[in-house]
Amino acid sequence: MLEVQNATKRFGGLVAVNQASLKVEAGSITGLIGPNGAGKTTLFTLISGFEKPSEGGVLFEGEDISSDEPHVRARRGIARTFQIVQPFAGLSVLENIAVGAHLRHAKRSDALARAERVGQRVGLGPELDKSASSLTVAGRKRLELARALATEPKLLLLDEVLAGLNPSEIRDIIPVILAIREEGVTILMIEHVMQAVMNLCEQVYVLAQGRIIAEGPPADVCDDPKVIEAYLGAGAAERLKREKVHA
Ligand SMILES: Nc1ncnc2c1ncn2[C@@H]1O[C@H](COP(=O)(O)OP(=O)(O)OP(=O)(O)O)[C@@H](O)[C@H]1O
């Protein structure tokens, strides 16, 4: 469904994404992990169109979308959430979700009806009439998910939707993400919560210093010495192995 081909993004002298390639199969949940500053969010901005790659391209459903503006990509069916959740504080939860729904529903009543269905689906039913600014962190994460879903995407890009949630809130939201996939939405997710990555993703890509250094099923990737070193520093994989032997 999605293919990033040798994408590079430079900000002045800094190479944030370096010749990165990845594929997301239709119907899958694919993970994108990597240490802080690895370039994960930048790669999302290249896919959603908020930035253009310095080199390389992005294909969606077989078509080159590299020069499409973000609203054109949204219309094609790509939606993203943002790491820093910023709802329109003066609007209700329902109205916030309706902003997303307006992409496909020009009539306000249609957008609100769509927003209500999506709000219920992500578990915000009881909060719909409240002000968005009254939501807890977990509520805001659900709202961010709902706003993206309201655009009726084929591909949903989730940027750390679990960050800042406690373990029980994470347990509660995982079935919501699985249900979205069951309804036919393909998901690419940036995530630091490894337990969730293990439970949700079939395929994982690891980005470090802008490069894809590993890909595969999550259990294999987490055992990969290159990945351990990227997170814990040079020599870490060897140290861990020695500690295991002596334990
Ligand atoms: N608009 C920008 N202008 C200049 N530098 C940028 C810009 N956006 C990102 N960067 C830099 O690119 C690098 C990659 O950042 P990015 O936010 O993509 O990493 P990340 O993997 O998402 O990190 P985190 O897990 O901390 O969110 C960082 O060094 C960052 O400072």
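Residues numbered from 1 in each chain as written. Predicted model: local features only at pLDDT ≥ 70, side-chain atom pairs only at ≥ 80, totals over all residues.

The name given to the protein chain in an unreviewed UniProt entry is ABC transporter ATP-binding protein, with the source organism recorded as Microvirga splendida.

Side note on the site of the ligand
Under the convention used in this document: For each residue, a C-beta position is placed from the backbone atoms; the residue is near a molecule or strand when that point lies within 6 Å of it. Each helix is a run of DSSP H or I of at least 4 residues and each strand a run of E of at least 2, with the numbering of both proceeding from the N terminus. Residue polarity is assigned by list, with Asp, Glu, Lys and Arg as charged and Ala, Val, Leu, Ile, Met, Phe, Trp, Tyr, Cys and Pro as nonpolar; anything else, Gly included, falls into the polar class.
Residues in close proximity to the ligand include Phe11, Leu14, Ala16, Gly34, Asn36, Gly37, Ala38, Gly39, Lys40, Thr41 and Thr42, which together make up its full environment. For the shell around the ligand, the secondary structure elements donating two or more residues are strand E2 (14–24) and helix H1 (40–48). Tallying contributions element by element places H1 first for the shell around the ligand, with 3 residues. Its residues assigned to classes, the shell around the ligand shows 4 nonpolar, 6 polar and 1 charged.

As for the sheet that holds strand E1 (residues 2–11)
The condition is simple: Between any two strands, at least two bridges found by DSSP are needed for them to pair. Residue pairs are scored as contacts if the distance between their C-beta atoms, which are placed from the backbone, is within 7 Å. Lines fitted to C-alpha atoms define the axes, with helix axes restricted to the stretch in contact, and inter-axis angles between N-to-C directions lie between 0 and 180 degrees.
Pairing is antiparallel in the open sheet, where 4 strands are placed in the order E2-E1-E4-E5. The open sheet has two edge strands with one neighbour each: E2 and strand E5 (63–64). For strand E4 (residues 55–60) and E5, the ladder comprises 2 bridges, and the chain directions are antiparallel. Opposite Phe60, over in E5, you have Glu63 as the bridge partner. Each of E1, E2 and E4 touches H1; the most contacted strand, E1, lies at about 115° to it.

Details of the pairing of E2
Examined bridge by bridge, E1 and E2 share 7 bridges and lie antiparallel to one another. Counted as the bridge partner of Ala7 is Ala20 from E2. Connecting E1 to the next strand, E2, in antiparallel fashion are 2 residues, including Gly12 with a positive phi near 60°.

What about the sheet that holds strand E10 (residues 211–216)?
Sheet strands pair by backbone hydrogen bonding; their relative direction is either parallel or antiparallel. Sheet architecture is open: 6 strands sit in the order E6-E7-E8-E3-E9-E10, paired in mixed fashion. Unpaired on one side and paired on the other, strand E6 (78–80) and E10 mark the two borders of the sheet. Here the average twist between neighbouring strands, direction ignored, is 20°. Sheet analysis places strand E3 (residues 29–33) next to strand E8 (residues 186–190), joined by 4 bridges and oriented parallel. Residue pairing for E8: Thr30 is matched across the bridge by Leu188. Set on the sheet, H1 makes contact with E3, E6, strand E7 (155–159), E8 and strand E9 (203–208); between it and E7 the angle comes to about 155°.

What to know about the packing of helix H3 (residues 93–101) against helix H4 (residues 108–121)
Formally: Roughly parallel means an angle under 35 degrees; roughly antiparallel means over 145; roughly perpendicular covers 65 to 115; every other angle is labelled oblique. Two helices crossing with the near one rotated counterclockwise from the far one by less than a right angle form a left-handed crossing, whereas a clockwise rotation gives a right-handed crossing.
Close contact between H3 and H4 brings their axes to 8 Å; oriented N to C, the two are set at 110°. Relative to H4, H3 is oriented roughly perpendicular. Here H3 and H4 pass one another in a crossing that is right-handed. On H4, the residues that touch Val93, Leu94, Ile97, Ala98 and Ala101 of H3 are Ala111, Leu112, Arg114, Ala115, Glu116, Val118 and Gly119.

Some thoughts on helix H6 (residues 167–182)
In plain terms, the rule: Any helix carries an expected span of 1.5 Å times its number of residues minus one.
With 16 residues, H6 extends 23 Å between its outermost C-alpha atoms, agreeing within 8% with the 22 Å of an ideal straight helix rising 1.5 Å per residue. Gly184 occupies a position one or two residues after H6 and carries a positive phi of about 100°.

Notes on the environment of Gly56
When you line up the elements, Gly56 lands in strand E4. As a C-alpha pair, Gly56 and Ile173 span 117 residues in sequence and 35 Å in three-dimensional space. Once residues within four sequence positions are removed from consideration, Gly56 is found in contact with Gln5, Asn6, Ala7 and Thr8.

Digging into unusual backbone geometry
Backbone phi values are negative for most residues with the exception of glycine, while trans is the configuration of most peptide bonds. Here is the rule we go by: With C-beta atoms placed from the backbone, a residue is labelled by how many other C-beta atoms lie within 10 Å of its own: buried for 20 or more, exposed for 12 or fewer, partly exposed between the two.
Within the chain, Asn6 stands out as a residue other than glycine whose phi angle is a positive 45°. Examined against the element boundaries, Asn6 turns out to sit in strand E1. Residue classification places Asn6 among the exposed residues on the basis of 12 C-beta atoms within 10 Å.

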